[in-house]
Every structure is written in C-alpha cells, then in structure tokens.
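# Per-entry structural report
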Amino acid sequence: MSDIRVLLVDDHPVVRAGLRAMLADFPGVSVVAEASDGDAALVELSKLHTLGEPVDLVLMDLQMGDGMDGVTATGKIKAGEAGSPPPPVLILTTYDTDADILAAVEAGASGYMLKDAPPEQIRQAVLSAAAGQTALAPEVAARLMGRIRNPSPALSGREVQLLELLATGMSNRAMAKQLFISEATVKTHLVHIYSKLGVDNRTAAIAVATQRRIIRGH
C-alpha cells in the first residue's frame, strides 16, 4: 500500500519543519510538498495534479499572515480550483472558537485538529481524513456537541459571522456591505444575537462572545 501523500500548509517555516519531522515518524505518511499560505497551496496542488501526482491530504493552518487564509483556501480546494477530485483538507491550528470551527466545516474541511494535540491523535486524524472520514479533536467535537445539546438558543453561522465583524468595530452599514445584506437585516440579526447572549449592546455582546470562545479576542 502506497504512502498517504500530504501537502503541508503553514506560514511559519519552523512550525512546518516540526510538523514535517512529526509526520515523518508516522508509518505510511509522506510530506510531498509544502506551502506558506493558501495561494501557494493552490499552486502546489495544481502543479502536482498536472504531473499526475495528486496529494491524498492537505494539512492546513488557518491564519497565514497576509496570505490567503486556510478557510478560503479550503473552499477553493473543495470547489475543484486546484484539480478534481479535490483532496480532503484537515485543519491543524491553534484556534478553537466556534467561529473558526464553523467556518472551516462550512468550507468543506474533513477534520479540525489543534496543534497541541498528542502526535498519536494527529496521526489518527491524518489517517481518518485521508480515508474520507471526519476527524475532530475531542475539544472541537465537544464544542460542536455542546451547540447541539445546549438548551439555550445557539448562534447561527451568520450570527457568528456578524459577531466577528462587530468585534472589529464595523458599523451596521459596513457589515451589510461586507455580507451583501441590507442594514435592516443586520439590525434584525443583532437583535437576535443580543437576545441569545443575554446582553443589550455591542460591547457586552463582544465581551460575552469572547469569554465563551465563540469568537477570538481582538
């Protein structure tokens, strides 16, 4: 049986070197290419696909400096922009907020792991994702299950998106333009967000959402 061919995508050379060394210890796994951001990942995938040497799995970071982020790259890969059929994408990141997890899953990621996970956990995730299965870190799975089981109303993906924009200081008009919706729709979403979080203003909404790890701190 041939090795699982992996494309490693991370903007930090030292981190890539560490991940490459860790993956080299996994029997049946080979890192065949590296990329420093989403744009470079798409180029590498297209090149390997053209050569008839497609990868079996993309191990993708989320935030990569000024380059294309992991969620955007995942969406493009799953849309076939770097060759078809697209390989599975396994997110490997330090972020575990609802916003990041939901965005990655909606973009088509097959799995979501945290960089501080034990090597054996990451190895199993690589094997599972490459085999077409879902691979979630226990903490991530717990957060997703918590959203399902929590009797209080959960924020929708759109509401989480709005919260992220809210935290950057955007006005209602700017958020509406960013999301291609009307200002009235933004105001309706904000009313629902405040109600679900038990707050009555933007500052409190951002504070509660950050405390509950729905969004990242800004």
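Here the structure is a predicted model, which is why all the values come from computation and not from measurement. (Residues numbered from 1 in each chain as written. Predicted model: local features only at pLDDT ≥ 70, side-chain atom pairs only at ≥ 80, totals over all residues. Heavy atoms only, no water.)

### Describing helix α4 (residues 98-107)
Inclusion rule: Accessible area is worked out with a 1.4 Å probe on protein chains only. A residue is then buried under 20% of its type maximum, exposed over 50%, and partly exposed in between. Helix and strand labels come from DSSP, where a helix needs a run of H or I of at least four residues and a strand needs a run of E of at least two; each type is numbered from the N terminus.
By the criterion of burial, α4 is predominantly enclosed, with seven of the ten residues buried. When α4 is considered as a whole, its buried residues turn out to be Asp98, Ala99, Asp100, Ile101, Leu102, Ala104 and Ala107.

### Things to note about the UniProt feature "domain: Response regulatory" (unreviewed entry) in the protein
Applicable threshold: UniProt positions are given in the numbering used here, feature names are shortened, and annotations may be inferred rather than shown by experiment.
Those residues carrying the UniProt feature "domain: Response regulatory" (unreviewed entry) are residues 5-130 in this numbering. A helix fraction of 44% and a strand fraction of 20% characterise residues 5-130, whose end C-alpha atoms lie 9 Å from each other.

### Here we look at the UniProt feature "modified residue: 4-aspartylphosphate" (unreviewed entry) in the protein
We apply this condition: Contacts are assigned to residue pairs with any non-hydrogen atoms lying within 4.5 Å of each other.
The UniProt feature table records "modified residue: 4-aspartylphosphate" (unreviewed entry) at Asp61. Summarising the element assignment, Asp61 is placed in the loop between β3 (57-60) and α3 (70-78). Once residues within four sequence positions are removed from consideration, Asp61 is found in contact with Val9, Asp10, Asp11, Gly70, Leu92, Thr93 and Lys115.

### Regarding the domain arrangement of the protein
When the parts of a complex come together, some accessible area is lost, and that lost area is often used as the size of the interface. Heads up, the rule is: Each domain span listed reflects an automatic or database assignment of domains. In this description, buried area is defined as the sum, over both parts, of the accessible area (probe of 1.4 Å) that is lost when the two are combined. Side-chain atoms alone can form a polar contact between residues adjacent in sequence; in general such a contact is a pair of N or O atoms within 3.5 Å, and within protein one must be able to donate a hydrogen while the other accepts it.
Domain parsing of the protein yields domain 1 (4-149) and domain 2 (157-212). A straight line from the C-alpha centre of domain 1 to that of domain 2 covers 29 Å. The interface of domain 1 with domain 2 comprises four residues on the first partner and four residues on the second. It is Ala99, Leu102 and Arg143 in domain 1 that bury the most area against domain 2; as a group they hold 70% of the surface buried on that side. At the boundary of domain 1 with domain 2, the tally comes to zero residue pairs in polar contact (both at pLDDT 80 or more).

### Notes on the pattern of salt bridges
Between side chains of opposite charge, pairing is possible as soon as their charged atoms come close. Which entries qualify depends on this criterion: In what follows, salt bridge is the name for a side-chain nitrogen of Lys or Arg lying within 4 Å of a carboxyl oxygen of Asp or Glu.
Counted under the stated rule, the structure contains eleven salt bridges. Glu159 is paired through a salt bridge with Lys196; the nearest N and O atoms lie 2.8 Å apart. Of this pair, Glu159 sits in helix α7 (residues 157-167) while Lys196 sits in helix α9 (residues 183-197); the two residues are 37 residues apart in sequence, bridging distant segments of the chain. According to the relative accessible area criterion, Lys196 is partly exposed, its value standing at 25%. As a salt-bridge pair, Glu183 and Arg173 come within 3.4 Å of each other at their nearest N and O atoms. Here Arg173 lies in helix α8 (residues 172-179) and Glu183 lies in helix α9, a separation of ten residues in the sequence. Overall, the relative accessible area of 60% leaves Arg173 in the exposed class. Within the structure, one salt-bridge network assembled from shared partners comprises Asp10, Asp61 and Lys115.

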